[in-house]
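This is what each chain is made of:
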Amino acid sequence: MQNKGIIKLFALLFGLVSIYQLSFTFKANQIEDEAQMAAVAQYDESVENYQDLRAQAEIDYLDSLKTSKIQVGDDYESIEVYNMLGVSKYTYSEVENNAMKLGLDLKGGINAIIQISVKDILKGLSNNSKDPVFNKALADAEELQKDAQESYLESFFRAWDAIKGETKLASPDIFANRDLSDDITFDMSDDEVKSVLERKIDESIVSAFEVLRNRIDGFGVSSPNIQRLGNSGRILIELPGARDKKRVVDIITKTAQLQFWETYKAEEMFPYVLQVNQAMVEAAQADDSQEATNETAEVEQDSVTNTIDELTGQIESDSTDVADVNPLGIQGPGNGPIIARFLARDKEKVLEALNAPQNRAQLPAEMRYAKFVWGIQDKDSEFSELYAIKGNRDGEPELSGAVITDARQDYDQISRPAVSMQMNAKGAKIWEEMTKKANEEDGNIAIVLDNIVYYAPGVSQAGGISGGNSQISGAFTLTEAVDLANVLRAGKLPASAEIIQADEVGPSLGQEAIDSGMKSFLIALAFVLIWMVFYYGKAGIFADVALLLNILLIFGVLASLGAVLTLPGIAGIVLTIGISVDANVLIFERIREELAKGKSQKESIKDGFSNALSSILDANITTGLTALILFVFGTGPIKGFATTLIIGILTSLFTAIFITRLLIDWWVNRGGKLDFSTAMTKNLFKNVNINFLKKRKIAYVISGVLILASLGSLFTTGLDQGIDFVGGRTYQVRFEQPVSTEEITNVLNDPAVFSSAEVKTIGAANQLKISTKYKVEDNSVEADQEVESKLFEALKPYLPNGMSYAEFQNGSGDAKIGKMLSSKVSPTIADDIKKSSFWAVLGSLVVVFLYILFRFKRWQFSLGAVAAVFHDVLIVLGIFSLTWKFMPFSMEIDQAFIAAILTVIGYSLNDTVVVFDRIREFLNEHTSWEFGKTINASLNSTLSRTLNTSVTTLVVLLAMFMFGADSLRGLLFALIVGVVVGTYSSMFIATPLMYDTAKKGDAAESLKKKVKEDDEE
């Protein structure tokens, strides 16, 4: 082998870089363990809600490492947490950014697909047009979307064209308005307007993407992922480690309408509040009988007078019940910009009364546009404060949040969390004028975010505040201040955002997945290492060294690229272990063949590596192509599976072809001897001479029966489709004791609960997977909360006594009793997932057909390979259809199953291509042989490699199946069946089919001639 020095240097550098990258992961884990220990020490188990308090304390500990600074000389620097050999120093943020990124299913967290409302954007572009044709087209487009694969905008165009009549999109009542005057004119055709709308919609979605990306970047979780999904208006957000679902939902969906308003003072507006209160009393009195009214009028009036005096501080309270004379529930007058105080529970009633037309008519003309707004609610108080801001005819503030150029978390003068803001030049000028006026009139300016007053300061600085600086402070926590600054800095969403698919995984489930994944990983690795030494002797040791380096490189590359490691990703790595030895097996088998021909050791090694190269490349490229398609079509954990598989294929090629060769050459050059076998395996498969072609008709019958049974079951029983394909909500719940699935099903199927629910045991008997389509069409946060609340109430009798809803949501006690996982998929996106999965499988078959046609130049090879793949996929589907009702683990058809199918396709092709490659070689070498003899010889000569790789891979998969995570058992079962069926089909279906289609006429001779010509070229 040439250029050994370069390869050694590259391998050394590659290994060192991987170790360097992985060191950050070890350090990050160490710091997180310290945070966990500090949290445990801070809150004893005797403290109420100790788990929630510990979780928050852990977050605060890690946040403090990110935000706290220490004084070094005259400067302040972030805290150093990692000193690498005294050469480089890193902060926690830098360590976290460089550490291995763990996915949702390993770290816990939240994953969501957001739908930006294109309908809202269109309405905004039309200035909320009232045109009936336009609004009907919007409604019709929503109906079309339920069954369409097109974007909402395309559905709108279809709906518009169907009903528009003489109305034009360029109508002044629709899009030819003042705001779009630079883009759309009255004389434009609908096609021209559509082009403009497409551009405007795309700009708005890009804007929404950037807003969400900026918000998520400031959220504080490691390895957040946000990506736009085509032109559908959908955005994928993955937040591993996020635990506060409400906080995530608020940040994702908040529109962040920041406004600055002048306020009325208490003495100006409180009399109106009292007036409304008095009007309500009088209205109530008017409902009583006339006689009762006459008898009690004087008493009631005295009571009213006394109550008002009490509220305004004129007399001391001596009444315990003033409900009849204080229907608004006034708790006291305010001061400054605070008009009055009320009980928080009465907020809706108060606003309804104050905004009632008959009451507002009593306001002076200069106050007719006054707007009543609540202040931010103090979590420790049962009272709410009411403000009145000086509105106007258009309802537009003098200054809005659009002028904010920067926002950061800060502290006010009394060390409360605050948010400091910087405005642009235009905003700074208006701000200076507003603050100047407030100073001169001794007024206040309310800082209103999403219709809530956060702060309403007075202005003491004469001449106003110049420079555009301002600060929001109030009754919110440090976390809320950080989130608010993040939202303001990112900006507002151009349209409403709706969560149409979501997954929430508890941290305990993630840790269990890591533990089970590592256990299965180590068991599989140990078996492979021992097997290689058992089968190939000393040469197996060199293969093991290359395999260990391969694993190091896989993790190093994942960390270097910032790729996210998921539970299916671990399965991908374990599968890579199983198939990565395939390259070494191919090489070692070829070397054994060369040694059997009587060649010297060095010559056999050289020829063995050379002859195996073509098969290795073809086998890995076909597997890589299916993994690439999976990466393109997959999302979340499935993309992680594809990522690790692709990286594993590349690193396996490098270590098998180059590192193993370096080690073997080093051993041989120093006088060592290698037999590439042991006493027990030396003559194994050596004299095998099976007539595969003679048995092909029996194989055809067996396969035919299996396929017919599979098709029959698929058309009658069908498959157990998961919510990925049908939509709905799924929860994984852990109980203290084993529970009956039938009993829970009956409880949840009660019309008062869900009416329809599906319950399955997952893993242990005390864990259930509960799926329901209740309110499946409603994607609102309120619907999510309602479904989860109903689930908790229905399951209460089966949960520990006294368990609260909060404990159920987060898992209670060391056993983590309660909800461990939740998922939501809307029917629209479920339909999209189903169709994209179909195209992924079909696309992989087409790509592979074309690749094999390109490599082998004859359609007979492609036909045999693709027919075998179809055979394998149908049988796997059939077995799932036949057995899902009684298997003790979930066999739902979801995105993970599609990943398994594509992997089966890749594996089956891997086997088939190795055989085909040997057939091509023998056709060239043994031109005098009959075609059938060439086929049989090729199959027999590769039998050792086929069985060796299959057994290795099967044992690896079985290790994961038995010791891995419960959620992966369905995927692993599909892979196990696929490996068995794929190995069988490569020998008894793919190759015989190729033979049967090529032997007719002179096709066989033509095939031999073609292969020879290709080799000569």
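Residues numbered from 1 in each chain as written. Predicted model: local features only at pLDDT ≥ 70, side-chain atom pairs only at ≥ 80, totals over all residues. Heavy atoms only, no water.

## Section: a nonpolar patch on the surface
On the surface, a cluster of nonpolar side chains totalling about 860 Å² of accessible area is made up of Leu 628, Phe 631, Val 632, Phe 633, Phe 838, Trp 839, Leu 842, Val 846 and Leu 850. When residues of the nonpolar patch are traced back to their parent elements, those giving at least two are helix 19 (601-633) and helix 26 (827-856). In terms of residue count, the dominant contributor to the nonpolar patch is helix 26 (five residues). By the element assignment, Leu 842 lies in helix 26. What makes Leu 842 partly exposed here is its relative accessible area of 31%. (Patch = residues over 30% accessible without salt bridge, like charges linked within 9 Å, V, L, I, M, F, W, Y side chains within 5 Å. Areas by Shrake-Rupley, 256 points an atom, 1.4 Å probe, with all protein chains shown as cover. Salt bridge = Lys/Arg side-chain N within 4 Å of Asp/Glu carboxyl O. Helix = DSSP H or I, 4+ residues; strand = E, 2+ residues; numbered from the N terminus. Buried < 20%, exposed > 50% of the residue type's maximum accessible area, 1.4 Å probe, protein only.)

## Focus: unusual backbone geometry
Working note: non-glycine residues mostly have negative phi, and peptide bonds are mostly trans. In the Ramachandran plot, Asn 127 falls in the positive-phi region, its phi being about 55 degrees despite a non-glycine side chain. Turning to its location among the elements, Asn 127 is positioned in the loop between helix 5 (118-125) and helix 6 (132-145). The exposure class assigned to Asn 127 is partly exposed, which follows from its relative accessible area of 38%.

## Here we look at helix 6
Taking 1.5 Å as the rise per residue, helix 6 with 14 residues should run 20 Å; its terminal C-alpha atoms sit 20 Å apart, in good agreement. A distance of 3.0 Å separates the backbone nitrogen of Val 133 from a side-chain oxygen at the start of helix 6, and that oxygen is part of Asp 131. (Expected span 1.5 Å × (residues − 1). Polar contact = N/O pair within 3.5 Å; in protein donor to acceptor, adjacent residues only side chain to side chain.)

## Observations concerning the environment of Ile 430
Here Ile 430 is to be found in helix 14 (residues 425-440). On the accessibility criterion, Ile 430 (17% relative accessible area) is buried. Once the C-alpha coordinates of Ile 430 and Glu 398 are considered, the two residues, 32 residues apart in sequence, prove to be 7.8 Å apart. In this view, Ile 430 contacts Glu 398 and Leu 399; residues no more than four positions away in its chain are not counted. (Contact = heavy atoms within 4.5 Å.)

## Brief notes about the pattern of salt bridges
The final tally for this structure, using the stated rule, is 31 salt bridges. The salt bridge partner of Lys 599 is Asp 607, with a shortest N-O separation of 2.7 Å. In this structure Lys 599 comes out as partly exposed when scored by relative accessible area, which is 28%. Exposure remark for Asp 607: the relative accessible area of 19% places this residue in the buried category. Where Arg 920 meets Asp 618, a salt bridge forms, and the shortest distance between an N and an O atom there is 3.7 Å. Placement of the pair is Arg 920 in helix 28 (residues 895-925) and Asp 618 in helix 19, with a sequence separation of 302 residues. Across this residue pair, the class does not change: Arg 920 and Asp 618 are buried. Members of the salt-bridge network, linked through shared partners, are Asp 161, Lys 164, Asp 190 and Lys 194.

## Section: the sheet that holds strand 18 (residues 452-455)
Pairing in this open sheet of eight strands is mixed, and the strands run 10-11-13-12-18-17-9-14 from one edge to the other. At either margin of the open sheet sits one strand with a lone partner, and together these are strand 10 (330-333) and strand 14 (399-400). Relative to strand 13 (residues 383-389), strand 12 (residues 371-375) is paired through four bridges, and the arrangement is antiparallel. From the neighbouring strand, Lys 371 faces strand 13, where its bridge partner is Ile 389. Seen against the sheet, helix 12 (residues 347-354) touches strand 11 (338-343), strand 12 and strand 13 and runs at an angle of roughly 165 degrees to strand 12. (Pairing = 2+ DSSP bridges. Axes fitted to C-alpha atoms, helices over the stretch in contact; angles between N-to-C directions.)

## A short note on the environment of Asn 439
Here Asn 439 is to be found in helix 14. Classification of Asn 439 as partly exposed rests on a relative accessible area of 22%. Spatially, the C-alpha atoms of Asn 439 and Val 459 are 5.0 Å apart, while their sequence positions differ by 20 residues. Among all residues touching Asn 439, those that are not within four sequence positions of it are Val 459, Ser 460, Gln 461, Ala 462 and Gly 463.

## Considering the sheet that holds strand 24 (residues 767-772)
Through backbone hydrogen bonds, the strands of a sheet pair up, either in parallel or in antiparallel fashion. Pairing within the open sheet is antiparallel, and its eight strands lie in the order 7-8-6-20-25-22-24-23. Lying at the two open borders of the sheet, with one neighbouring strand each, are strand 7 (225-229) and strand 23 (757-761). Sheet twist, expressed as the mean angle between neighbouring strand axes with direction ignored, is 20 degrees. Looking at chain direction, strand 6 (residues 109-116) and strand 20 (residues 497-505) are connected through eight bridges and run antiparallel. Across the sheet, Ile 113 pairs through a bridge with Gln 501, a residue of strand 20. Helix 23 (residues 741-748) contacts strand 23 and strand 24 of the sheet and is inclined by roughly 160 degrees relative to strand 23.

## Some thoughts on the packing of aromatic side chains
Scanning the entire structure with this criterion turns up 32 aromatic pairs. Considering the side-chain rings of Phe 542 and Trp 667, the 6.1 Å spacing of their centres and the 55 degrees angle between planes classify their relative orientation as tilted. Of this pair, Phe 542 sits in helix 17 (residues 538-561) while Trp 667 sits in helix 20 (residues 637-669), and the two are 125 residues apart along the sequence. For Phe 542, a relative accessible area of 10% corresponds to the buried category. (Phe/Tyr/Trp six-rings, centres within 6.5 Å; stacked < 30°, edge-to-face > 60°.)

## Focus on the packing of helix 5 against helix 7 (residues 152-163)
Between two packed helices, the angle of one axis relative to the other and the distance separating the axes together describe the packing. With their axes 9 Å apart at the nearest point, helix 5 and helix 7 run at an angle of 60 degrees to one another. The angle between the axes of helix 5 and helix 7 places the two elements in the oblique class. Every pair of crossing elements has a handedness; the one defined by helix 5 and helix 7 is right-handed. Mapping the contact onto sequence places Val 118, Lys 119 and Leu 122 in helix 5 and Tyr 152, Leu 153 and Phe 156 in helix 7. Looking at the contact of helix 5 with helix 7 residue by residue, the classes come out as five nonpolar, no polar and one charged. (Parallel < 35°, antiparallel > 145°, perpendicular 65-115°, else oblique. Left-handed = near helix turned anticlockwise from the far one by under 90°. Nonpolar A, V, L, I, M, F, W, Y, C, P; charged D, E, K, R; others polar.)

## Here's the deal with the side chain of Lys 200
Assignment of secondary structure puts Lys 200 in helix 8 (residues 190-217). Here the side chain of Lys 200 touches Asp 183 through a polar contact of 3.2 Å, side chain to side chain. Apart from the residues lying within four places of it in its own chain, the contact partners of Lys 200 are Leu 125, Leu 180 and Asp 183.

## Observations regarding the environment of Asp 966
The residue Asp 966 is located in the loop between helix 30 (943-963) and helix 31 (969-998) in this model. Of the residues examined, Asp 966 reaches a relative accessible area of 27% and is grouped as partly exposed. Between the C-alpha atoms of Asp 966 and Ser 516, which are 450 residues apart in sequence, the distance is 9.0 Å.

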